[in-house]
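One-letter residues, chain by chain:
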Amino acid sequence: MTTASVNPSRRSYAPLARENRQKVLKHLEQAGITSGVLYLTGMKTEERKWTDCEVPFRQESNFFYLTGVTEPDCHLVIDVASQDAHVFIPKFSEDHALWMGPPPTETFIKERYGVQHCDVVDNIVKTLESLKASKVHILEQEKDLAAIGAFKDKIDSSALSTAVTEARMIKSKGEIELMRRAAKISGDAHIALMKAAKPGKDTERQLQALFEYECFRNDGRYQAYTPIVASGRNGSVLHYIDNTDPIAQDKRDLLLVDAGCEYECYAADITRTFPIGGKFEGDWKTTYEIVLSMQNAVLAAIKPGVEWEDMHKLANRVAAEGLLKAGLIKGDLDTLIANHIPALFFPHGLGHSIGLDVHDVGGYPKGVPRLTDPGLKYLRMRRTLKPGMAVTVEPGIYFVDAILDKALADSNVTQYLDVEVVKRFRKTVGGVRIEDDVVVTETGVDNLTGWVPKEVADIEKVMSA
Ligand SMILES: [Mn+2]
């Protein structure tokens, strides 16, 4: 067993992939599918346009879920009746070994990934013939059917996507441990940033570099998404990824860091917001404490049977209470909520499912539409929570120019605002977001990232050390 393209010391995903295949086949069985084959194409080698410069390879998530295979350009056939998995690898050219080291052999693939069969891609049709594949079940989004020849006429995309999605929604113990590892690496990197950040020192980019360095050196090779490192008013841009500004001079200003790495393809997605000088003060502290109370209320309320949109509404109500108390908005609580006033400051959804993808599959089951209310319309998930679901809880309060310019020009809205107070906050406070990754348990949540400091005293302690 020799290959340079795979690190043999890497832990094997094989037992998990086997469990995942069984789970998907069970969902298919419940949908009445007991014969035929499943066919998936893996991620292909990609190059920068018009060059031979390869883009770093990361396996497609569904393919990884069913195989654990981390080599590019592979295909998968699963025989539904026997549950046998057939992985197909490219035919490597003679000089592959010169550039890339010895290619993986068929024996290596079978042993490494615990699959029953391995062959070269050219033999897919032959295998489908020998399996007498009556139907070829593919994912809805599958476009690449060149390798299955005449079996194209037997494709059926009506069931596999839902089966894989429903399987991926409920995380197994093994998956949760991989997510916990991604969370640990990412959380430690967040703490490194809290310790390194100083007023007027470094740029957002340099702190992003520190985050990625900390992840990379601890086996989090890939970021799950581009890190957001937003100083001061940049925190009001929800997906700020420029990360080019210098860190604020004013020690009271906030730094919002939304970043997480992958471990074995599983994502972490963590946001922490902290004062650049290490001590929360004034309007910045007021804003922070509103968001913290929003998050704590939701974390205490999550349990099986709860509707995700109700968790958003809970966060929204706590936001309204906090904004009222801070004097930013005025009026009767229910009237403010009915008129969507808190959504001016909490304009996005509460969170999303997370797993192999940072915005994981399955947010909207078939037939479930998006809601239309401000804030709620951006909710990335509408589901009844069940044990094993993994979601992010990421409330925020922001002072967004685009929203407030419109609001302040509309007397229907300004009747609910203390305009002077809103203007004062907006001048200095960008935004606050606090985000944790939690798994729903039988009784509540297993917070994978709750240990990363977020209480005011805990952040101040870490930053003063
Ligand atoms: Mn998120």
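Residues numbered from 1 in each chain as written. Predicted model: local features only at pLDDT ≥ 70, side-chain atom pairs only at ≥ 80, totals over all residues. Heavy atoms only, no water.

If you look at the biggest cluster of nonpolar residues, it comprises 121 residues, and the most contacted ones within it are V24, W308, F345 and I397. In terms of residues, this core owes the most to one element, helix 7 (residues 173-196), which gives 10 residues. Both domains that meet at this core, namely domain 1 (14-168) and domain 2 (170-464), each give it at least three residues. Among the nonpolar cores identified, the runner-up in size contains 13 residues, and V37, V121, V136 and I148 belong to it. (Core = buried A, V, L, I, M, F, W, Y, C linked by side-chain atoms within 4.5 Å. Buried < 20%, exposed > 50% of the residue type's maximum accessible area, 1.4 Å probe, protein only. Helix = DSSP H or I, 4+ residues; strand = E, 2+ residues; numbered from the N terminus. Domains from an automatic or database assignment.)

Of all 5 residues in strand 3 (residues 85-89), 5 are buried, a share of seventy percent or more. Burial along strand 3 is two-sided: the residues A85, V87 and I89 and H86 and F88 are all buried. Pairing analysis gives 4 bridges linking strand 2 (residues 75-79) to strand 3, with the strands arranged antiparallel. From the neighbouring strand, I78 faces strand 3, where its bridge partner is A85. (Pairing = 2+ DSSP bridges.)

Glancing now at the pairing of strand 8 (residues 254-259). Most of strand 8 sits inside the fold, with 6 of its 6 residues counted as buried. Where burial is concerned, the two faces of strand 8 agree: the one with L254, L256 and D258 and the one with L255, V257 and A259 are both buried. As paired elements, strand 7 (residues 228-231) and strand 8 share 4 bridges and run antiparallel to each other. Residue pairing in the sheet places A230 in a bridge with L256 of strand 8.

Moving on, we get to the domain arrangement of the protein. The domain architecture assigned to the protein consists of domain 1 (14-168) and domain 2 (170-464). Taken over C-alpha atoms, the centre of domain 1 sits 37 Å from the centre of domain 2. Among the residues of domain 1 in contact with domain 2, R58, F64 and R168 are the three that bury the most area, contributing 42% of the side total. Taken together, the links from domain 1 to domain 2 amount to 5 salt bridges. For E166, the salt bridge goes to R383, with nearest N and O atoms at 3.0 Å. Viewed at the interface, domain 2 and domain 1 are joined by 14 residue pairs in polar contact (both at pLDDT 80 or more). At the level of elements, helix 1 (14-30), helix 2 (61-67) and helix 6 (160-169) are the ones that each hand at least two residues to the side of domain 1 that touches domain 2. (Buried area = accessible area lost by both parts, 1.4 Å probe. Salt bridge = Lys/Arg side-chain N within 4 Å of Asp/Glu carboxyl O. Polar contact = N/O pair within 3.5 Å; in protein donor to acceptor, adjacent residues only side chain to side chain.)

This brings us to the packing of helix 12 (residues 401-408) against helix 14 (residues 419-428). A pair of packed helices is captured by two measures, namely the crossing angle of their axes and the spacing between those axes. Contact geometry of helix 12 with helix 14 gives a least axis separation of 12 Å together with a crossing angle of 160°. The angle between helix 12 and helix 14 falls in the class roughly antiparallel. Crossing of helix 12 over helix 14 shows left-handed handedness. From helix 12, D401, L404, D405 and L408 reach across to helix 14, where they touch V419, V422, K423 and R426. The residue inventory of the contact of helix 12 with helix 14, partitioned by class, reads 4 nonpolar, no polar and 4 charged. (Axes fitted to C-alpha atoms, helices over the stretch in contact; angles between N-to-C directions. Parallel < 35°, antiparallel > 145°, perpendicular 65-115°, else oblique. Left-handed = near helix turned anticlockwise from the far one by under 90°. Contact = heavy atoms within 4.5 Å. Nonpolar A, V, L, I, M, F, W, Y, C, P; charged D, E, K, R; others polar.)

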